[in-house]
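The chain contents come next:
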Amino acid sequence: MLIRPRRLRKSPILREMVAETRLSKDMFIYPYFVVPGKNVVHGIDAMPGVSHFSVDTLLKDVEKSLSLGINKVLLFGVGEEKTEDASSSYDKHSVVANAVRVLKREFSDDLYVITDVCTCAYTTHGHCGILEHDYVQNDKTVDVLAKMALSHAQAGADMIAPSDMMDGRILGIREKLDQHNLENTAIMSYSIKFASAYYGPFREAADSAPGKGDRKAYQMDFRNPRETMRESALDEYEGADILMVKPALAYLDVIKSLRESTDLPVACYNVSGEYSMVKAAGAKGWIDEQKVIMENMYAFSRAGANIIITYHAREIMEKGWI
Ligand code: PBG
Ligand code: ZN
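Residues numbered from 1 in each chain as written. Chains lettered and ligands numbered in written order. Predicted model: local features only at pLDDT ≥ 70, side-chain atom pairs only at ≥ 80, totals over all residues. Heavy atoms only, no water.

Counting 76 residues, the largest nonpolar core has Leu-58, Leu-75 and Met-297 as its most contacted members. It is helix α4 (residues 138–155) that contributes the most residues to this core, 8 residues altogether. Membership of the second largest hydrophobic core comes to 28 residues, among which are Val-50, Ile-114, Ala-206 and Tyr-269. (Core = buried A, V, L, I, M, F, W, Y, C linked by side-chain atoms within 4.5 Å. Buried < 20%, exposed > 50% of the residue type's maximum accessible area, 1.4 Å probe, protein only. Helix = DSSP H or I, 4+ residues; strand = E, 2+ residues; numbered from the N terminus.)

Written as structure tokens, this is what we have:
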């Protein structure tokens, strides 16, 4: 007798029943770019469907996201004053701190607010830290990141997401938050963040490209899977609540290994370049955009991601693709 796996693929009802991977809106985190000013909605060229918002317009857009079932946002600050020491990044009235206050005042616990913590959009040189002698100084940078995290947490952020890749920054941030009685503010670490060309469109959106050099002296080498396990174990030890792999599509193997090596929730960041490629090919009619987007989302989930940070979240919910 022939064994016939096709028997279970015969009808949609059957296929739904035996599906091994499922997606839920609760897995999505939607990123937002916040800029100073009023009444700003400024589309980002290389990322169709994604815009810069000022705090007032952000409020309206988040309301729309919430009505679609997206209740977790990740905020990036853009367009603040750039200095050598990134001091605008930890200003009490930074655009991110202001946005957090306004969002939490308006939506309270209906909305979960996460903030990106890194200096690259706040430094003249565009590096993710304090630059001295052409080298990003680790421990000085951790001090700045801890201050930045504190300013966001004091504004009411539910979770802090450091994306810089300094050593010891999870511990530095955790201690700073705890000293200020913010022991319930969570930390999602960009723990496995590769030096990747897939961040191209984001750097334009965030005006955060390094003026000179690259980020290879702090972000990870994509040839080193063993080292990823070491990095993420350190972040877990230092007190991270969630670990992340970034980018996502080219690193499904890393997502899978991380899922198998930790008991913490695993997030992946489907980054700007991954988004732009799909949108560009879709606009040309070279791929079926909806199908490719959903195939990618299932790939993240199948690889083991419990949380997906993606610019596609809004369209997926708007069009009812899940
Ligand atoms: C900043 C930061 C970057 C991204 C998130 N935070 C860019 C970088 O490290 O150069 C990338 C996000 C994306 O490409 O969507 N540290
Ligand atoms: Zn950075």
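A few words on the coordination of the zinc ion (ligand 2). For the zinc ion (ligand 2), the protein coordination sphere consists of Cys-118 (SG), Cys-120 (SG) and Cys-128 (SG), at 2.2 to 2.3 Å. The coordination sphere of the zinc ion (ligand 2) comprises 4 donor atoms, whose angles at the metal cover 98 to 119°; the geometry is tetrahedral. We note that the donor set of the zinc ion (ligand 2) lies within a single chain, spaced as C-x1-C-x7-C. Take Cys-120: its relative accessible area is 10%, and that puts it in the buried class. (Donors = N, O, S within 2.8 Å, 3.2 Å for Na, K, Ca; no water. Tetrahedral: all angles 85-135°; square planar, octahedral: opposite > 155°, others 65-115°.)

Our next topic: the packing of aromatic side chains. Considering all chains together, one arrives at 10 aromatic pairs under this definition. Through a chain of ring-to-ring contacts, three or more aromatic side chains come together here, namely Phe-33, Phe-76, Tyr-190, Phe-202, Tyr-269, Tyr-275 and Tyr-311. Over the aromatic face of Tyr-199 sits the side chain of Lys-193, whose NZ or CZ is 5.4 Å from the ring centroid. Above the plane of the ring of Tyr-199 lies Lys-246, whose end atom (NZ or CZ) is 4.6 Å from the centre. (Phe/Tyr/Trp six-rings, centres within 6.5 Å; stacked < 30°, edge-to-face > 60°. Lys NZ or Arg CZ within 6 Å of the ring centre and 35° of its normal.)

Helix length check: helix α9 (residues 272–284) (13 residues) gives 18 Å between terminal C-alpha atoms against 18 Å at 1.5 Å per residue, within 8%. Among the residues of α9, Ser-272, Gly-273, Glu-274, Tyr-275, Ser-276, Val-278, Lys-279, Ala-281 and Gly-282 are the ones counted as buried. Buried residues along α9 sit in contact with α6 (200–206), β11 (266–270), α10 (289–303) and α11 (313–318). Once α9 ends, the next one or two residues include Gly-285, with phi positive near 80°. (Expected span 1.5 Å × (residues − 1). Contact = heavy atoms within 4.5 Å.)

Right, let's get into helix α7 (residues 225–238). Over its 14 residues, α7 runs 21 Å from end to end, which matches the ideal 20 Å to within 8%, given 1.5 Å per residue. Within α7 the residues assigned to the buried category are Thr-228, Glu-231, Ser-232, Asp-235 and Glu-238. Projected onto a plane normal to the axis of α7, the buried residues spread over an arc of 120° and lie on a single side. The outward face of α7, more than 90 degrees from its buried face, is lined by the exposed residues Arg-226, Arg-230 and Tyr-237. On its buried side, α7 packs onto α5 (169–179), β9 (186–193), β10 (242–246) and α8 (252–261). Just downstream of α7, Gly-239 is the residue with a positive phi angle, here 115°. (Arc of directions from axis to C-beta.)

Relative to the elements of secondary structure, Cys-118 occurs in the loop between β5 (112–117) and β6 (130–132). When the C-alpha positions of Cys-118 and Ala-267 are compared, they lie 18 Å apart, and in sequence the two are 149 residues distant. Once residues lying within four places of it in the same chain are set aside, the contact partners of Cys-118 are Cys-128, Leu-145, Met-148, Ser-163 and Asp-164.

Once that is clear, we can look at empty space enclosed by the protein. In total, this model carries 3 cavities of 30 Å³ or more according to the counting rule given. There is about 230 Å³ of room inside the largest cavity. Listing elements by their share of the lining of the largest cavity, those giving two or more residues are β4 (72–77), β9 and α6. Residues of the lining of the largest cavity, tallied by class, amount to 15 nonpolar, 5 polar and 5 charged. Estimated volume of the second largest cavity: approximately 50 Å³. Met-166, Asp-167, Gly-168, Arg-169, Glu-231, Leu-234, Asp-235 and Glu-238 are the residues that line the second largest cavity. Per element, the largest residue contribution to the lining of the second largest cavity is 4 residues, and it comes from α7. (1 Å grid on protein atoms, 1.4 Å probe; cavity = no way out; pocket = protein on both sides within 12 Å on 5 of 7 lines; lining within 4 Å. Points joined across faces, edges and corners; volume = space filled by probe spheres on them. Nonpolar A, V, L, I, M, F, W, Y, C, P; charged D, E, K, R; others polar.)

The next thing to look at is unusual backbone geometry. Cis geometry is found at the peptide bond from Lys-246 to Pro-247, where omega equals -5°. Secondary-structure assignment places Pro-247 in the loop between β10 and α8. Located in the positive-phi region is Asn-181, a residue other than glycine, with phi close to 60°. Of note, Asn-181 is situated in the loop between α5 and β9.

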